[in-house]
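Chain by chain, the residues:
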Amino acid sequence: MFMLSTDTADTRILGYTLNCSVGMEVFSTMEEVLLRVHGVPADQLCWASLADALIDLTWRQEQWGEGTISQTLGYWGGDGVKRITINNPMGVRLEWDDVL
């Protein structure tokens with residue numbers, strides 16, 4: 001299992017911490033994380049919490065892309081991985097206060 005958390009200070013993302021079988025790895029950007037987990041099956045990846053996933057959605061708006069109105073996120077829910085679908089039907093920029 002690869003569990004990702006968002007490292008923040010106030011409303012800024014400082015980086016990401018990935019917990020996996022070899023221990024903790026720290027990354028400055030999501031692009032670095034994506035290179036690291038390339039080839040890992042989706043069911044082996046999740047966010048450390050729903051808050052971590054939502055924070056990332058506010059910061060990396062390109063995840064929505066043109067025509068994307070919802071995304072399904074995996075996060076650790078204490079007793080296992082849970083999935084939630086986040087809707088953004090207007091395609092508007094999400095703000096930090098919208099998710100926390």
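Scroll up a little and you will see the structure.
Every value quoted in this text rests on a predicted model; they were computed, and no experiment measured them.

## Examining the layout of surface pockets
Then step 1. The calculated volume of the largest pocket comes to roughly 420 Å³.
Then step 2. Taken together, 21 residues line the largest pocket, and the ones lying closest to its centre are Leu4, Leu34, Leu45, Cys46 and Trp47.
Then step 3. Elements with a minimum of two residues in the lining of the largest pocket: β1 (2–9), α1 (30–36), β4 (45–47), α2 (50–59) and β5 (70–76).
Then step 4. Across the lining of the largest pocket, the residue classes break down as 14 nonpolar, four polar and three charged.

## Structural notes on the nonpolar core
Then step 1. By size, the foremost hydrophobic cluster in this structure holds 19 residues, and its most contacted members are Leu4, Tyr16 and Trp47.
Then step 2. In this structure, Leu4 is in contact with Tyr16, Thr17, Leu18, Met30, Val33, Cys46, Trp47, Ala48 and Asp52, ignoring residues within four places of it in sequence.

## A word on the environment of Gln71
Then step 1. Counting through the fold element by element, Gln71 comes out in strand β5.
Then step 2. Exposure remark for Gln71: the relative accessible area of 14% places this residue in the buried category.
Then step 3. Residues Gln71 and Asn87 lie 16 residues apart in sequence; the distance between their C-alpha atoms is 6.7 Å.

## Observations regarding the environment of Leu45
Then step 1. Topologically, Leu45 is positioned in strand β4.
Then step 2. Linking Leu45 and Leu4, residues 41 residues apart in sequence, is a C-alpha distance of 7.7 Å.
Then step 3. Contacts of Leu45, omitting those with residues within four sequence positions, involve Met1, Phe2, Val37, Val40 and Arg83.

## Quick notes on the pairing of strand β2 (residues 12–20)
Then step 1. Across seven bridges, the pairing between β1 and β2 is antiparallel. Within the sheet, the bridge partner assigned to Asp7 lies in β2 and is Gly15.
Then step 2. Connecting β1 to the next strand, β2, in antiparallel fashion are two residues, including Asp10 with a positive phi near 55 degrees.
Then step 3. For β2 and strand β3 (residues 23–27), the ladder comprises five bridges, and the chain directions are antiparallel. By the bridge assignment, Cys20 is partnered in β3 with Gly23.
Then step 4. The turn linking β2 back onto β3 is made up of two residues.

Definitions and limits used
- Within every chain, residues take consecutive numbers counted from 1 along the sequence as written.
- Restriction of local features to residues with pLDDT of at least 70 applies here, the model being predicted, together with a cutoff of 80 or more for giving and counting side-chain atom pairs; totals for whole chains, interfaces and linings are based on all residues.
- Only heavy atoms go into the side-chain values, all of them from the structure, while hydrogens and water stay out.
- Cavity means a closed set of points on a 1 Å grid over the protein atoms alone, one where a 1.4 Å probe fits but cannot get out, pocket means an open set with protein on both sides within 12 Å along at least 5 of 7 lines, and lining means a residue has an atom within 4 Å of a point.
- Grid points are joined across faces, edges and corners, and a volume is the space filled by probe spheres set on the points.
- Numbered from the N terminus, helices here are DSSP runs of H or I no shorter than four residues, and strands are runs of E no shorter than two.
- Under the scheme applied, nonpolar residues are Ala, Val, Leu, Ile, Met, Phe, Trp, Tyr, Cys and Pro; charged residues are Asp, Glu, Lys and Arg; polar residues are all the others, including Gly.
- Residues grouped as a nonpolar core are buried Ala, Val, Leu, Ile, Met, Phe, Trp, Tyr and Cys residues, joined through side-chain atoms within 4.5 Å.
- Under the scheme applied here, a residue whose accessible area is under 20% of the maximum for its type counts as buried, over 50% as exposed, and between as partly exposed, the area being computed with a 1.4 Å probe on protein chains only.
- Whether two residues are in contact is decided by their heavy atoms, any of which lying within 4.5 Å being enough.
- The pairing criterion is simple: DSSP has to find at least two bridges between the two strands.

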